[in-house]
Amino acid sequence: MFKLLKRLNMHEYQMIFISVIFIALQVWLELKIPDYMSVLTQKLESSGTTTADILAPGLIMLFLSVLSVIASVIVGYFVAKIAAGFAARLRKDSFTQIMNYASQDIKQFSVPSLLTRSTNDITQLQQFVAMGLQAIIKAPITTIWAITKIAGKGWQWTTATGIAVAVLTIMLTLMLLLVQPKFKVVQKLTDNLNQITRENLTGIKVVHAYNAEKYQSDKLDQANSQLTNTNLFAYRVLALMNPGMSLISSTLTLSVYTIGAIVINQAAQAQRLPLFGNMIVFSSYAMQVIMGFLLLSIIFVLLPRVTVSANRLNEILNVEPSIKYPASTRNLQTSTNQKGIIEFKHVGLKYKGAESSALTNLSFKAQQGQTVAFIGSTGSGKSTALQLILRVHDATSGEILIDGKDIQEYSEENLNNKIGYIPQRAVLFSGTVRSNIDLGESQNKHSPLTDTEILTALDIAQAKDFVLQKEKGLDEPVAQHGDNFSGGQKQRLAITRAIARKPEILLFDDSFSALDYATDRKLRDNLAQKFKNVTKIIVAQRISTISDADQIIVLDNGKVVGQGTHEQLLKNNKVYQEIAYSQLSKEELAK
Ligand SMILES: Nc1ncnc2c1ncn2[C@@H]1O[C@H](COP(=O)(O)OP(=O)(O)OP(=O)(O)O)[C@@H](O)[C@H]1O
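A. Representation of the nonpolar core in the model. Ranked by size, the top nonpolar core spans 77 residues in total, and within it L4, L125, M171 and L313 carry the most contacts. Elements supplying a minimum of two residues to this core: α2 (10–45), α3 (51–99), α5 (111–150), α6 (155–202), α8 (213–239), α9 (241–266) and α10 (269–317). L313 has contacts with L4, L90, R117, I122 and L125, leaving out every residue within four places of it along the chain. Grouped together as the second largest cluster of nonpolar side chains are 45 residues, A457, V478, F512 and L569 included.

As structure tokens, then:
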């Protein structure tokens, strides 16, 4: 929690300071009121008191109360501002931090957990600051100030107050001990519920198609009832707090009056009136002490949950992204004038926790403008090889060079500016066709892609026709995940996005699989003509997609089992021959 509070800025600290002053003023005003009550009591008990005598202290009490209300409104305003600003900063910080995560860092937490942490957990913290900050400041000031006021006013009363405070402390500590572990579980169960809901919503079509509604809702019921039961236990314990506090404060009041009755009874006649006044004042101050503890109880209600949330948030804020980039590559000297040369030297990768390597001893060199293709059975390591160029993972052995320099020497921005990547499953964001193709170019290059650039790219990617047929053309809305476009259309838009940036390297991760053969052919012809100088790395399942590549690498179980051109491999590589003959007839292959 304290670690997070360091994220408060100077302006917020100033507002906290102002709040402390106003809270102290408020407490002073509240503690001043019993003094006038004592005056009033004594006047009422004395003979010859007129209405005017009572009116003056009465009006002062009213005035003090009004001032106290004003002070509390001011404090409320500042505290709400601090809480909202603090929560907004935490949201931004966690978003920025997560943006820097490598995919294995995201996996470490899971997406649903990251979502709960950066929304629900931050809301807990915001509530704590909004409600708890006042209580944290006010409770000790009220308690200590009220205790100094009652000190020396009668040891019997002080002892009774001391016992009440001790009982309260024990009660609050016990509750905290019972509830704290439960809230840890609650946040984990919230992650779980979030995961099931998310999975269900993303896979809703499959759930319907397989009549799996009951299966899914049973899963949800289980997670839901676990969460409900844990929450119920925690809140039932906390529900005891209010009646407990009332019982203690009422017993204290009763004790103060009982003790007072005995003491006054035993005192001499002349002492009785001042003792009575003392008792009234004492009981007011004793209530203030209890009020201080009541405020503390607010913290006790919020604290167990908020410490769990703070720890969970700290965990995501403190993760060092596992892929590190140098800050700048401005002075990076490449050994060649050519652009887009990729070289793998004995590259291997073993995923964390995996038993065997996903990729072993992969070596190849792609010159500027060349096409290198990967083919192989599923799980053979094709996507892994491609993702190594993007630094989704870092190779565990060997090295990868781009234009003669180790990729780890490039800054993230420079590396990504060189590459246009089209993933296996096209990713579209809600917005418009234009915003999906531009995707941040406006911010990166300080000028958005022009319509001509976008239309040219759409044309090359065989996407122009269907986009222009849409009612709003480039401004046609794109739903979340691009759900209002077909698989092949999404794929072509993703290709457009990559090529519109005119990168030096294009990485296609099975990006042609959603296209029909004719479109696939036209698109590749366009790329060959218009992106002659761009190096292309293609992962594909279809032989026809890669047959004109300069170099084809055949992977099997992470190992290179063939490397050469289509003709060479067809002549002497068994694995390649098997793939080729399973897709095309001998006549087609002979063409
Ligand atoms: N993030 C990951 N963590 C652990 N293992 C992984 C991860 N990604 C892939 N693998 C494993 O590495 C191996 C290679 O996977 P990869 O995705 O590179 O295969 P692929 O040839 O592209 O397969 P496909 O054609 O089905 O896409 C597989 O056995 C896979 O289970």
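Past the structure itself, the notes keep going.
B. The arrangement of the sheet that holds strand β12 (residues 559–564) in detail. Ordered in space as β6-β9-β10-β3-β11-β12, the 6 strands form an open sheet in which the pairing is mixed. The strands lining the two open edges of the sheet, one partner per strand, are β6 (419–422) and β12. Strand-to-strand twist in this sheet, taken as the mean axis angle between neighbours without regard to direction, amounts to 15°. Bridge count between strand β3 (residues 371–376) and strand β10 (residues 535–539): 4 bridges; the pairing is parallel. Counterpart to T371 in the pairing with β10 is K536.

C. Highlighting unusual backbone geometry. One non-glycine residue, N211, lies in the positive phi region at around 50°. As for its placement among the helices and strands, N211 is situated in the loop between α7 (204–209) and α8. Note on N211: relative accessible area 63%, which makes it exposed.

D. Molecular detail of the packing of aromatic side chains. Per the counting criterion, the structure on display carries 8 aromatic pairs. Ring plane angle 15° and centroid distance 6.1 Å describe the contact between Y101 and F109, whose orientation is recorded as stacked. Of the two residues examined, Y101 and F109, each falls in the buried class. With a centroid separation of 5.7 Å and an interplanar angle of 75°, the aromatic rings of F183 and Y235 are classed as edge-to-face. Placement of F183 in helix α6 and of Y235 in helix α8 is noted, with a sequence separation of 52 residues between them.

Cut-offs used in this document
Residues numbered from 1 in each chain as written. Predicted model: local features only at pLDDT ≥ 70, side-chain atom pairs only at ≥ 80, totals over all residues. Heavy atoms only, no water. Core = buried A, V, L, I, M, F, W, Y, C linked by side-chain atoms within 4.5 Å. Buried < 20%, exposed > 50% of the residue type's maximum accessible area, 1.4 Å probe, protein only. Helix = DSSP H or I, 4+ residues; strand = E, 2+ residues; numbered from the N terminus. Contact = heavy atoms within 4.5 Å. Pairing = 2+ DSSP bridges. Axes fitted to C-alpha atoms, helices over the stretch in contact; angles between N-to-C directions. Phe/Tyr/Trp six-rings, centres within 6.5 Å; stacked < 30°, edge-to-face > 60°.

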